[in-house]
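Geometric and topological summary
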Amino acid sequence: DSILQGTTTPTAQIPSFVPLGLALDNHGNPVVAESGANRIAFYYPVMYARNAANYFVRYAPGMLATLFPAAGTKFGPAKASASSLPIPTTLGDVQVIVNGVAAPIFYASPGQINFQVTIKTPVSQQEVEVVRVSTGEVLADSFITFGPAAPGLFTVDGSGNNQVSAVNADDN
């Protein structure tokens, strides 16, 4: 007799999410009613985040970060740079929302946003959204994992690999 005789093969049931209905929101983004999950799912364009100093894919609270839209999409129509302190949380009619909190934005354009991750961002995976303020439209959305540190040095050529761009305390 076999030791496995009379045993059964375990089975797992994976929930099936079947679309019950599809619509577009006011901005042309898909909204799907799904059975199995009993939910309404909203789909937004994705974006890509990088460390602003060296374009590495590491993120931490308090760091400077850069966002790029997915191919064929953009972050609104305007180009703007912050020109006063405190750094604004709305610039060029866009906001970057990290874990529900508007982040300071240094530069915004259709193809790039430079911002500071808020220092109180939890060290874990967080939702990051780019929102057009005048309409409330979500222009892009991604989930990003934040660690405790993400060091980066700005370089003269912007590659993160060559001469460091630094200034001494005496401005030399």
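First, a word on what this report is: a plain description of the structure on this page. Computed from a prediction, not measured in an experiment: that's the story for all the values here.

A few words on unusual backbone geometry. Residues Leu 85 and Pro 86 are joined by a peptide bond in cis, for which omega reads -5°. Assignment of secondary structure puts Pro 86 in the loop between strand S6 (80-81) and strand S7 (94-98). The phi dihedral of Asp 93 is positive, around 70°, even though this residue is not glycine. Examined against the element boundaries, Asp 93 turns out to sit in the loop between S6 and S7. The phi dihedral of Asn 99 is positive, around 55°, even though this residue is not glycine. The topology assignment puts Asn 99 in the loop between S7 and strand S8 (101-102). Residue classification places Asn 99 among the partly exposed positions, given a relative accessible area of 37%.

Evaluation of the coordinates by the stated rule reveals two aromatic pairs. Judged by centre distance (6.0 Å) and plane angle (50°), the rings of Tyr 55 and Phe 68 are tilted. You can see Tyr 55 sitting in the loop between strand S4 (47-51) and strand S5 (64-69) and its partner Phe 68 sitting in strand S5, a full 13 residues away along the chain. Taking relative accessible area as the criterion, Tyr 55 reaches 36% and is therefore assigned partly exposed. Judged by relative accessible area, which is 25%, Phe 68 ranks as partly exposed. Measuring from ring centre to ring centre gives 6.3 Å for Tyr 59 and Phe 146, while their planes differ by 65°; the resulting arrangement is edge-to-face. Residue Tyr 59 is located in the loop between S4 and S5, and its partner Phe 146 is located in the segment after strand S12 (138-145); the two are separated by 87 residues in the primary sequence. Given a relative accessible area of 10%, Tyr 59 falls into the buried group.

Counting residues in hydrophobic clusters, the biggest one holds 26 residues, and the most contacted among them are Leu 67, Val 96, Ile 113, Phe 115 and Val 130. Looking at this core, the elements that each hand over two or more residues are S4, S5, S7, strand S9 (105-109), strand S10 (112-116), strand S11 (125-132) and S12. With residues near it in sequence (within four places) discarded, Val 96 still touches Leu 67, Val 101, Ala 102, Ala 103, Ile 105, Ile 113, Phe 115, Val 128, Glu 129 and Val 130.

A word on the pairing of strand S3 (residues 39-42). Pairing of strand S2 (residues 30-35) with S3 involves four bridges; the strand directions are antiparallel. Bridged to Glu 34 within S3 is Arg 39. Here S2 folds back onto S3, and the loop between the two strands holds three residues, one of which, Gly 36, carries a positive phi near 85°.

Here we come to the environment of Asn 162. The residue Asn 162 is located in the segment after S12 in this model. Setting aside residues up to four positions removed in sequence, Asn 162 forms contacts with Thr 155 and Asp 157.

Criteria and thresholds
- Residues numbered from 1 in each chain as written.
- Predicted model: local features only at pLDDT ≥ 70, side-chain atom pairs only at ≥ 80, totals over all residues.
- Heavy atoms only, no water.
- Helix = DSSP H or I, 4+ residues; strand = E, 2+ residues; numbered from the N terminus.
- Buried < 20%, exposed > 50% of the residue type's maximum accessible area, 1.4 Å probe, protein only.
- Phe/Tyr/Trp six-rings, centres within 6.5 Å; stacked < 30°, edge-to-face > 60°.
- Core = buried A, V, L, I, M, F, W, Y, C linked by side-chain atoms within 4.5 Å.
- Contact = heavy atoms within 4.5 Å.
- Pairing = 2+ DSSP bridges.

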